[in-house]
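Read off the chains here:
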Amino acid sequence: MKGWHIYTKCVQEGWKPKNGEPRVLPIVQSTTFKYDSSETMGDLFDLKTSGDFYTRLSNPTTNAVEAKIAALEGGVGALLTSSGQAASLMSVLNIARSGDHIICPAEVYGGTFNLFDKTLREMGIDVTFISVDADEKEIQAAFRPNTKLIFGEALSNPGLKVLDIELFAFVAHKNGVPLIVDNTFPTPINCRPFEFGADIVVHSTSKYLDGHATVLGGAIVDSGNFDWAASGKYPGLTTPDETYHGLIYTEKFGRAAYITKCRTHLMRDIGATPSPTNAFYLSQGIDTLHLRMERHCYNAQRIAEFLEGHNKVEWVDYPGLKSNRYYHLAQKYMPNGTCGVVSFEVKGGREAAARFMENLELAAIVTHVADLRTCVLHPASTTHRQLSDAQLKAAGITPGLIRLSVGIEYADDIIADIAQALSEL
Ligand SMILES: *Cc1c(COP(=O)(O)O)cnc(C)c1O
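Along each chain, residues carry numbers from 1 onward, in the same order as the chain's sequence is written. Reporting of local features is limited, given that this is a predicted model, to residues whose pLDDT is at least 70; pairs of side-chain atoms are given and counted only at 80 or more, and all residues count toward the totals for whole chains, interfaces and linings. In computing side-chain properties, one takes all heavy atoms of the structure into account and sets aside hydrogens as well as water.

1. Description of the site of the ligand
Moving on, step 1. Think of it this way: one heavy atom of a residue within 4 Å of a molecule or strand is enough to make that residue near it. Neighbouring the ligand are 13 residues; Asn-157, Asp-182, Ser-204, Ser-206 and Lys-207 lie closest to it.
Moving on, step 2. The term polar contact refers here to a pair of N or O atoms within 3.5 Å; inside protein, the definition further demands a hydrogen-donor-capable atom paired with an acceptor-capable atom, and it admits residues adjacent in sequence only when both atoms are side-chain atoms. Side-chain polar atom of Ser-204 to an oxygen atom of the ligand: 2.8 Å apart, as the coordinates give it.
Moving on, step 3. Surface exposure here means Shrake-Rupley accessible area, sampled with a 1.4 Å probe, where a residue is shielded only by the protein chains that are shown. Starting from 380 Å² of accessible surface for the ligand in isolation, the protein chains cover 93%.
Moving on, step 4. When residues are sorted by character, Ala, Val, Leu, Ile, Met, Phe, Trp, Tyr, Cys and Pro go into the nonpolar class, Asp, Glu, Lys and Arg into the charged class, and all the rest, Gly among them, into the polar class. Its residues placed into classes, the shell around the ligand shows 2 nonpolar, 8 polar and 3 charged.

Shown next, in the form of structure tokens:
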């Protein structure tokens, strides 16, 4: 049979019941699993056989959702984490240790920037931030002998800058390291980084994958394409692991070496595991991901076009607009649309932005994006309120910038709300 379209995969992948089993993914809310002998369980501990024995490492509900996400991205395996932050951290720690170095565009999500700039440095992993617009020479110049990976965002939060995945993957591979792509904003519906050479994908599933602002979560997906042994830079994957009686991940697990080590070594030691109930909620969200993304993108495009033509709006940032500097890259990597987030500025700066937002009735002021309900955030008076105007500018945020996360309501209703809020200015 020909492979399913990704819309079908959203609905059908993951839990596949056998004869007499529940049609709907069951929530196996149990920390542990019973075995008839210690020997059977010992084999599980030694990774000689596979099976669930403790939910920190694996659980049937969680495993089904991992299989669903792996299928959507086209990977050999996935691991769910308790948040997107945990996924980003573990994706790096799996292949970089104290004394190593990583490369990352500076325009990534603020939480990722802080994690790399502060916590990873404190752990002895150095980072060089480059521009997301860097060319081949500039990316190459950031490399050092101890560089272990490049990490970037397919579509940056909140700047909506599109990563040239093929270029970054090309330079990474030339240097014998993988490219990790955070695919949170476009989701696998709109962008599949593995098809352009990325090796590992991470997600904050708290955003569109859940989509209902219900559960925090993260995911790491392994393409299975990176040759760790040939690179020679990853002893953690290619030399014996004493905690598993000298097992070598690349020899025992082949293409799934990276994602297996991430679970059996890092998740065992760190324990950033999602609850089975949260995994179930996430699965419910993904069932309709394809429908929601289409509507988010349709609505966002309509609203971006409306804002672009409005005389009280200073500028609009949305990669679906022909005037946007990332329009062509977005057409290449996300031809069906980007996501529902639109950034813009109203005339009158910080004070006008605050008044505009208070005027809104349908759109709610919350610290979140990617919810099916339209929401707005004014970074200068909330997430970045401690910064001066000069510091805001350095962070790429103007005092009047508004981040609008367009939901899946009827587009004309959202536009009418924005229009009335603008008319009061
Ligand atoms: C929200 C977000 C994260 C962090 O995810 P949490 O689930 O909030 O921990 C990481 N990357 C991107 C692009 C995000 O938008």
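Next comes the rest of the description.
2. Concerning the sheet that holds strand 5 (residues 179-182)
Moving on, step 1. Read across the open sheet, the 7 strands follow the order 1-7-6-5-4-2-3; overall the sheet is mixed. Two strands bound the open sheet, and with one partner strand each, they are strand 1 (77-81) and strand 3 (126-130). With direction set aside, neighbouring strand axes in the sheet form an average angle of 20°.
Moving on, step 2. Of the pairings in the sheet, the one linking strand 1 to strand 7 (residues 218-222) comprises 5 bridges and is antiparallel in character. Bridging from a neighbouring strand, Ala-78 pairs with Val-221 of strand 7.
Moving on, step 3. The contact rule is simple, with two residues in contact once any of their heavy atoms fall within 4.5 Å. To get an axis, a line is fitted to the C-alpha atoms, and for a helix only the part in contact is used. The angle between two axes follows their N-to-C directions and goes from 0 to 180 degrees. The way it works is that DSSP assigns letters per residue, a run of H or I at least four long becomes a helix, a run of E at least two long becomes a strand, and they are numbered from the N terminus. Of the strands in this sheet, strand 2 (101-105), strand 3, strand 4 (147-153) and strand 5 touch helix 7 (residues 165-174), which is tilted by about 150° from strand 5.
Moving on, step 4. Against the sheet, helix 12 (residues 257-270) engages strand 1, strand 5, strand 6 (200-204) and strand 7, with an angle of about 30° to strand 1. Two strands pair under a simple rule: DSSP has to find at least two bridges between them.

3. A look at the side chain of Asn-190
Moving on, step 1. Structurally, Asn-190 can be placed in helix 8 (residues 187-190).
Moving on, step 2. Not counting the four nearest positions on each side in its chain, Asn-190 is found in contact with Met-293, Cys-297, Tyr-333, Met-334, Pro-335, Asn-336, Gly-337 and Thr-338.

4. Focus: the environment of Phe-170
Moving on, step 1. Along the chain, Phe-170 falls in helix 7.
Moving on, step 2. Using a 1.4 Å probe on the protein chains alone, a residue whose accessible area is under 20% of its type maximum counts as buried, one over 50% counts as exposed, and one in between counts as partly exposed. Under the relative-accessibility criterion, Phe-170 is labelled partly exposed at 44%.
Moving on, step 3. On a C-alpha basis, the gap between Phe-170 and Ala-421 in space is 46 Å, while along the polypeptide they are 251 residues apart.

5. Comments concerning the pattern of salt bridges
A side chain of one charge can pair with a side chain of the opposite charge when the charged atoms of the two come close.
Moving on, step 1. Salt bridge, as applied in this entry: a Lys or Arg side-chain nitrogen positioned within 4 Å of an Asp or Glu carboxyl oxygen. If you walk through the whole model with that rule in mind, you get 18 salt bridges.
Moving on, step 2. With its nearest N and O atoms 2.9 Å apart, the salt bridge here joins Arg-121 to Asp-117. With Arg-121 and Asp-117 both in helix 5 (residues 110-122), this residue pair falls 4 residues apart, about one helical turn.
Moving on, step 3. Arg-302 serves as the salt-bridge partner of Asp-412, at 2.5 Å between the closest nitrogen and oxygen. Of the two residues, Asp-412 is situated in helix 18 (residues 411-423) and Arg-302 in helix 14 (residues 289-308); the sequence distance between them amounts to 110 residues.
Moving on, step 4. For Asp-412, a relative accessible area of 36% corresponds to the partly exposed category.
Moving on, step 5. According to the relative accessible area criterion, Arg-302 is partly exposed, its value standing at 27%.
Moving on, step 6. Several salt bridges converge on common partners, so that one network encompasses Asp-117, Arg-121, Asp-126 and Arg-144.

6. A closer look at the nonpolar core
Moving on, step 1. If you look at the biggest cluster of nonpolar residues, it comprises 93 residues, and the most contacted ones within it are Ile-69, Ile-102, Phe-116, Leu-179 and Ile-220.
Moving on, step 2. Looking at this core element by element, the count peaks at 6 residues for helix 12.
Moving on, step 3. The two domains that each donate at least three residues to this core are domain 1 (7-284) and domain 2 (289-423).
Moving on, step 4. Once you skip the residues sitting within four places of it in the chain, Ile-69 turns out to touch Leu-80, Thr-205, Leu-209, Ala-219, Val-221, Leu-282 and Ile-286.
Moving on, step 5. Residues Ile-303, Ala-304, Met-357 and Ala-363 belong to the second largest nonpolar core, which totals 27 residues. Within this scheme, the nonpolar core is defined by two criteria: the residues are buried Ala, Val, Leu, Ile, Met, Phe, Trp, Tyr or Cys, and they are joined through side-chain atoms within 4.5 Å. For every domain, the bounds stem from an assignment made automatically or drawn from a database.

7. Some details on helix 16 (residues 349-359)
Moving on, step 1. Among the residues making up helix 16, those that are buried are Gly-349, Ala-352, Ala-353, Phe-356 and Met-357. Each buried residue of helix 16 sits inside an arc of 135° when the element is viewed along its axis, so together they form one side. Facing away from the buried surface of helix 16 by more than 90 degrees, the exposed residues are Glu-351 and Glu-358. Directions pointing from the helix axis toward each C-beta atom define the arc.

8. Digging into the pairing of strand 12 (residues 401-405)
Moving on, step 1. Of all 5 residues that make up strand 12, 5 are buried, and the element is covered over most of its length.
Moving on, step 2. Because side chains alternate across strand 12, one face comprises the buried residues Leu-401, Arg-403 and Ser-405, and the other comprises Ile-402 and Leu-404, equally buried.
Moving on, step 3. Note: strand 9 (residues 341-346) against strand 12, 5 bridges, orientation antiparallel. The residue bridging Val-342 from the neighbouring strand is Leu-404, located in strand 12.
Moving on, step 4. Pairing of strand 11 (residues 375-377) with strand 12, which is carried by 3 bridges, proceeds in the antiparallel orientation. Note that in strand 12 the partner of Leu-377 across the bridge is Arg-403.

9. Regarding unusual backbone geometry
Moving on, step 1. Going from Asn-157 to Pro-158, the amide bond is cis rather than trans, its omega being 5°.
Moving on, step 2. Note on placement: Pro-158 falls in the loop between strand 4 and helix 7.
Moving on, step 3. Its identity is not glycine, yet Leu-47 carries a phi of approximately 65°, on the positive side.
Moving on, step 4. Structurally, Leu-47 is set in the loop between helix 2 (38-45) and helix 3 (60-73).
Moving on, step 5. Classification of Leu-47 by relative accessible area gives buried; the value is 14%.

10. So, the domain arrangement of the chain
Moving on, step 1. Along its sequence, the chain is organised into domain 1 (7-284) and domain 2 (289-423).
Moving on, step 2. A C-alpha centroid distance of 30 Å is found between domain 1 and domain 2.
Moving on, step 3. Each partner contributes to the interface: domain 1 provides 34 residues, whereas domain 2 provides 33 residues.
Moving on, step 4. Roughly 2800 Å² is buried in total at the junction of domain 1 and domain 2, and carbon and sulfur atoms are behind 64% of that figure.
Moving on, step 5. The tally of links between domain 1 and domain 2 comes to 2 salt bridges.
Moving on, step 6. In this structure, Arg-325 and Asp-133 form a salt bridge, with 3.0 Å as the shortest nitrogen-oxygen distance. Buried area: the sum, over both parts, of the accessible surface (1.4 Å probe) that disappears when the two are put together.

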